[in-house]
Amino acid sequence: MFGLSTMELEAIQLSLRVALWGVAWSLPLAVGVAWLLARGRFPGKILLDGLVHLPLVLPPVAVGYVLLVMFGRQGAIGAWLFDQFHIQIAFTWRGAAIAAAVMAFPLMVRAIRLSLEAVDRKLEAAARTLGARPADVFLSVTLPLIAPGIITGVILAFARSLGEFGATITFVSNIPGQTRTLPLAIYTLIQAPGGEETAMRLVLISVVVALAALAVSEILARRAAARLEP
Amino acid sequence: MTTTPPLLEIDISHVTAGLSLDISLNISGQSAVSGITALFGRSGAGKTSLINLMAGLARPDRGRIVLGDRVLFDSERGIDLPPEQRRMGYVFQEGRLFPHLNVRGNLEYGMKRRAGNGRGLSFDRVAGLLDLGHLLERRPGGLSGGEKQRVAIGRALLSNPELLLLDEPLASLDAGRKNEILPFLERLRDDPGIPMIYVSHNMEEIVRLADVMVLISEGRVLASGDVEELLSRLDLRPLTGRFEAGSVIAATLAGHDETFGLSRLAFAGGELLAPRVDLPLDTALRVRIRARDVTLATRKPVQMGAQNIYRGTILQMEPDTGSRMEVLLDIGVPLWARLSAKSAQELKLAVGMSAYAVVKSVAIDGHSLGRRRITGGGAGM
């Protein structure tokens, strides 16, 4: 396809799969955390806020190492997952998805939290007087109103996941077909003599994928915003 | 008089930022149960806070709220129904339509969530009553202020409430839009007969719509009862009168004078000629007569361009701001007149003196007339 080599196709497919799964798994959690941070009043809120933002300020390699310690075969979560379900995280594409999700999480939470804070709570009160229970109000009023924020968060997180490098290579290494996503493939190519041309092609492909994601986000966000206006 | 169970019993105290509410109120009687009860007071008096407490959007510090036979809140028994179980429709001052739904979606929101067996007014009936048929597919953002409020009223009605709370629904509208909505409110009052509590600080709206009135000042109920009765009470005048100087009298439509296009309204002081009122004979009316449309004479005027002349005794004289004087006359009902301080002096007016009040018949128009409903009962403290 388009004269791409197997290695290149593999890297593209893997990158998309890792980013999509990473975003899909973290989205419900991000909405929940954004809700807690925007609306919740509980002790330790500042701690939670800090924890969520940590991947944004830590060196990605450090995050990758922490993930390796937790999810490795000897790690607390990794050992349990393997013993119970025979699921291996470290050095697999699942681990790459987790690394991508963790690194992109703060961006997603921020976007959703901002739109939650902008929701007119009087509309939610009106929904209550019309007979809706709190969970119903969330699904029928709050969620549609924050849709533009969710779309922005998802696209930001998706783009961040596509570009994830440091945490991924530390946590799940650079295994062709398993964990060698686009950035890792580019890195590998420029390490070896004669790979510059292919590396440049992958860079261009990265540009195209990123632009496409941004375009889709723009269209979706406009459509969602138009639904909220006259 | 038949004993109708009270519509609403409230006995609560509540302290919010800058206001301490201490309300004891019993709204009962035929005219409240099937009509409009006005909650009147200046801004900041606690009107909106009070209906938020009724709707369950805020929680009183202590007390009891009972709607019909249902206890909505009782601090002693630990009862506090959430808003969605109170069955109070709420029309907010700013409409609060859902921006992500079109008009139809907004109207159906409460209808889909009706309690119990889903009885109540049908969608088509409400759309018809409020003339919403042509707006159904529109978005709230593109509606005019008046249209938005009509949708908000329809949305609340369709949730099948036991009581409809309206928080100054016309306050954000200009005069033209107000007059566009008032007939709809009159229609709702007369037809489905859902009891309504109407918060307002506009006396014109109250005279036109409400039969029963509750006066609120600084978080307390100052008085409650029939609108005409409360508005003729002198002791309440600092509260009721400063906004719209005038008197409100109860009258019935006695007949028409076809030649001149006039109607005769009978009241306790005689008959009042007004521009033709297109209502059936014997309709009970409430007439607001502004003080500036009433002038006084010490001798019976002859050859004057006003037909409404009444003899009465001066009860009270109050210098108004600046050069004016407001005079209260007992002509069978209390009637306020406003004249210049200079004329008052020239006429040598004094309390206890007898005088003639002259009311311009053209002064009475559609805005000063309200239909009274079967009275009896009212609100008690």
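Since the model is a prediction, treat every value here as computed from it, not as a measurement. (Residues numbered from 1 in each chain as written. Chains lettered and ligands numbered in written order. Predicted model: local features only at pLDDT ≥ 70, side-chain atom pairs only at ≥ 80, totals over all residues. Heavy atoms only, no water.)

## Comments concerning the overall build of chain A
Moving on, step 1. Assigned secondary structure in chain A consists of 11 helices and 0 strands.
Moving on, step 2. Reading chain A from its N end, one meets helices and strands in the order α-α-α-α-α-α-α-α-α-α-α.
Moving on, step 3. Counting only C-alpha atoms and orienting by the principal axes, one finds that chain A spans roughly 70 × 45 × 30 Å.
Moving on, step 4. Each of the 230 residues in chain A was classed as buried or not, and the buried ones make up 43%.
Moving on, step 5. Relative to all contacts within chain A whose residues are 6 or more apart in sequence, the contacts with residues 24 or more apart total 70%.
Moving on, step 6. Counting only carbon and sulfur atoms, one obtains 69% of the accessible surface of chain A, whose full area is about 12,100 Å². (Helix = DSSP H or I, 4+ residues; strand = E, 2+ residues; numbered from the N terminus. Buried < 20%, exposed > 50% of the residue type's maximum accessible area, 1.4 Å probe, protein only. Contact = heavy atoms within 4.5 Å. Areas by Shrake-Rupley, 256 points an atom, 1.4 Å probe, with all protein chains shown as cover.)

## Quick notes on the domain arrangement of chain B
Residues and elements named next belong to chain B.
Moving on, step 1. Assigned domains within chain B: domain 1 (8–230) and domain 2 (247–370).
Moving on, step 2. Measuring from the centre of the C-alpha atoms in domain 1 to the corresponding centre in domain 2 gives 34 Å.
Moving on, step 3. The interface of domain 1 with domain 2 comprises 9 residues on the first partner and 10 residues on the second.
Moving on, step 4. Between domain 1 and domain 2 the total buried area reaches about 840 Å² when both faces are included, carbon and sulfur atoms providing 52% of it.
Moving on, step 5. D211 is the salt-bridge partner of R286, the closest N and O atoms lying 3.3 Å from each other.
Moving on, step 6. For the pair domain 1 and domain 2, the number of links is 4 residue pairs in polar contact (both at pLDDT 80 or more).
Moving on, step 7. Sorting the residues of the side of domain 1 that touches domain 2 by element identifies α7 (203–209) and α8 (227–232) as the ones contributing at least two each.
Moving on, step 8. Of all the elements, α7 adds the most residues to the side of domain 1 that touches domain 2, at 4 residues.
Moving on, step 9. Residue composition of the side of domain 1 that touches domain 2, by class: 4 nonpolar, 1 polar and 4 charged. (Domains from an automatic or database assignment. Buried area = accessible area lost by both parts, 1.4 Å probe. Salt bridge = Lys/Arg side-chain N within 4 Å of Asp/Glu carboxyl O. Polar contact = N/O pair within 3.5 Å; in protein donor to acceptor, adjacent residues only side chain to side chain. Nonpolar A, V, L, I, M, F, W, Y, C, P; charged D, E, K, R; others polar.)

## Considerations on the sheet that holds strand β12 (residues 246–257) of chain B
Residue and element names in this part refer to chain B.
Moving on, step 1. Taken in spatial order, the 5 strands make up an open sheet running β14-β13-β12-β15-β21, and their pairing is antiparallel. The sheet is open, and its two edges are formed by β14 (270–275) and β21 (369–371), each paired on a single side. The sheet shows a mean angle of 40 degrees between the axes of neighbouring strands, taken without regard to direction.
Moving on, step 2. Relative to β21, strand β15 (residues 284–290) runs antiparallel, the two being bridged by 3 bridges. (Pairing = 2+ DSSP bridges. Axes fitted to C-alpha atoms, helices over the stretch in contact; angles between N-to-C directions.)

## What to know about the interface of chain A and chain B
Moving on, step 1. Listed by partner, the interface residues are 22 residues for chain A and 22 residues for chain B.
Moving on, step 2. Taken over both partners, the interface formed by chain A and chain B buries close to 2,000 Å², and the fraction arising from carbon and sulfur atoms is 62%.
Moving on, step 3. Inspection of the chain A/chain B interface yields 2 salt bridges.
Moving on, step 4. The tally of links from chain A across to chain B stands at 5 residue pairs in polar contact (both at pLDDT 80 or more).
Moving on, step 5. For the side of chain A that touches chain B, the per-class residue count stands at 13 nonpolar, 3 polar and 6 charged.

## Concerning the packing of aromatic side chains
Moving on, step 1. Enumeration according to the criterion identifies 9 aromatic pairs over all chains in this entry.
Moving on, step 2. Between F98 of chain B and Y109 of chain B, the aromatic rings sit 4.7 Å apart at their centres with planes inclined by 55 degrees, giving tilted as the arrangement. Of this pair, F98 of chain B sits in the loop between β7 (88–91) and α3 (103–111) while Y109 of chain B is found in helix α3, placing the two residues 11 residues apart along the sequence. Per residue, the accessibility class of F98 of chain B equals that of Y109 of chain B, and both read buried.
Moving on, step 3. In textbook terms, an aromatic cluster arises when at least three aromatic residues are bridged by ring pairs, as seen for W21, W25 and W93 of chain A.
Moving on, step 4. The cationic tip of R73 of chain A hangs over the ring face of F82 of chain A; the distance from NZ or CZ to the ring centre is 3.7 Å.
Moving on, step 5. Its guanidinium or amino end placed over the ring of F98 of chain B, R155 of chain B lies 4.7 Å from that ring's centre, counting from NZ or CZ. (Phe/Tyr/Trp six-rings, centres within 6.5 Å; stacked < 30°, edge-to-face > 60°. Lys NZ or Arg CZ within 6 Å of the ring centre and 35° of its normal.)

## Here's the deal with the nonpolar core
In globular proteins that are soluble, nonpolar side chains generally tend to be buried together.
Moving on, step 1. Ranked by size, the top nonpolar core spans 49 residues in total, and within it I153, L157 and M213 of chain B carry the most contacts.
Moving on, step 2. It is helix α5 (residues 145–158) of chain B that provides the largest number of residues to this core, a total of 6 residues.
Moving on, step 3. The contact partners of L157 of chain B, leaving out residues within four places of it in the chain, are L121, V126, L130, L164, L188 and I194 of chain B.
Moving on, step 4. Formed by 42 residues, the second largest nonpolar core is a distinct cluster that contains L4, M108, L116 and F158 of chain A. (Core = buried A, V, L, I, M, F, W, Y, C linked by side-chain atoms within 4.5 Å.)

## Things to note about the pattern of salt bridges
Moving on, step 1. Enumeration over the complete set of coordinates arrives at 31 salt bridges over all chains.
Moving on, step 2. We note a salt bridge from K178 of chain B to E205 of chain B, for which the minimum N-O separation is 3.9 Å. Taken together, the residues K178 of chain B in helix α6 (residues 175–190) and E205 of chain B in helix α7 connect sequence positions 27 residues apart.
Moving on, step 3. The residue E271 of chain B makes a salt bridge to R264 of chain B at a minimum N-O spacing of 3.1 Å.
Moving on, step 4. Each of R39, R121 and E124 of chain A takes part in one network of salt bridges that share partners.

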